[in-house]
Amino acid sequence: MVNIAVLVSGGGTNLQALMDKIQNGTVTNGKIAVVIASNDKAYAIQRAKDNNIPCKVISRKSFGSSEEFDQAMVEVCQSYHIQLVVLAGYLSMLGKQFVSAYENRILNIHPSLIPSFCGKGYYGIVPHQKALEYGVKITGATVHFIDFEYDSGPIVLQKSVEVKEDDTPETLQKRVMEQAEWEILPTAVKLFCEGKLKVAGRKVSILP
Ligand code: GRF
């Protein structure tokens, strides 16, 4: 059984999708051992409590340096014997120390088809605003491993979503979550937990 830490900052609908698919047996071989929130206002905390999952709040602001913050994050993950870290709407920047400790074992969900509409500042509603401004006809979501840059690590799964004529950033955000994010994040976790993801450089192969 793979011990998973899910890192959250907000509503936690991606956390919810993952918990639901573990509970209904779609995702096997994985257990959410701890949820770590970047702030105590995140509704995701309530979702973790409702599912009897231990939850910690670790705020970047309460540490003097990025190194100290990373150290605290690594220590909590080690104490839960974490083998996979899932960033599910997590908005704090993780430093070199944490990323190196969990190389190719940190998955992130991003609400666009990377390499479009991603990078520094592209979080929350922004990727959807920019997609509409640009006039793309399809957008979507991407699950990727984390490396040392924003949204730049090896891509695991992507799913496209149609942009509609009358979309607002909010309607598009909702459709991307419902049709793409809540599906591909649990699927990527399932594949990881079954040992089916092989990373070679930028390329992630999905083993049969
Ligand atoms: C999602 O759109 C995710 O892709 C992005 O932040 C949002 C988080 O939503 N990085 P939630 O907290 O999972 O509801």
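Bear in mind that the values here come from a model prediction, so they are computed numbers and not experimental data.

Looking now at helix H6 (residues 169-193). For H6, spanning 25 residues, the distance from its first C-alpha to its last is 34 Å, which sits close to the expected 36 Å at 1.5 Å a residue. Helix geometry: H6 is bent most strongly at methionine 177, by close to 45 degrees. One or two residues past the end of H6 sits glycine 195, with phi positive at roughly 70 degrees.

Glancing now at the nonpolar core. Counting residues in each nonpolar core, the largest one holds 42 residues, and the members touching the most others are Val6, Leu84, Val156 and Val189. The leading source of residues in this core is H6, at 10 residues. With residues near it in sequence (within four places) discarded, valine 189 still touches Ile4, Leu18, Val27, Leu84, Val86 and Leu107. With 21 residues, the next largest nonpolar core counts Ile58, Val74, Val76 and Val85 among its residues.

This part covers the packing of aromatic side chains. Two numbers describe a pair of aromatic rings. These are the distance of the centres and the angle of the planes. Per the counting criterion, the structure on display carries three aromatic pairs. Judged by centre distance (5.9 Å) and plane angle (55 degrees), the rings of phenylalanine 63 and phenylalanine 69 are tilted. For phenylalanine 63, a relative accessible area of 23% puts it in the partly exposed group. Classification of phenylalanine 69 as buried rests on a relative accessible area of 0%. Where phenylalanine 117 meets tyrosine 134, the ring centres are 6.0 Å apart and the plane angle is 70 degrees; that geometry is what we call edge-to-face. With phenylalanine 117 in the loop between strand S5 (106-110) and helix H5 (126-134) and tyrosine 134 in helix H5, this residue pair connects regions lying 17 residues apart in the sequence. For phenylalanine 117, a relative accessible area of 14% puts it in the buried group.

Calculation rules
Residues numbered from 1 in each chain as written. Predicted model: local features only at pLDDT ≥ 70, side-chain atom pairs only at ≥ 80, totals over all residues. Heavy atoms only, no water. Helix = DSSP H or I, 4+ residues; strand = E, 2+ residues; numbered from the N terminus. Expected span 1.5 Å × (residues − 1). Bend = angle between axes of the 7 residues up to and from the residue. Core = buried A, V, L, I, M, F, W, Y, C linked by side-chain atoms within 4.5 Å. Buried < 20%, exposed > 50% of the residue type's maximum accessible area, 1.4 Å probe, protein only. Contact = heavy atoms within 4.5 Å. Phe/Tyr/Trp six-rings, centres within 6.5 Å; stacked < 30°, edge-to-face > 60°.

Any functional reading would require information beyond the geometric quantities listed.
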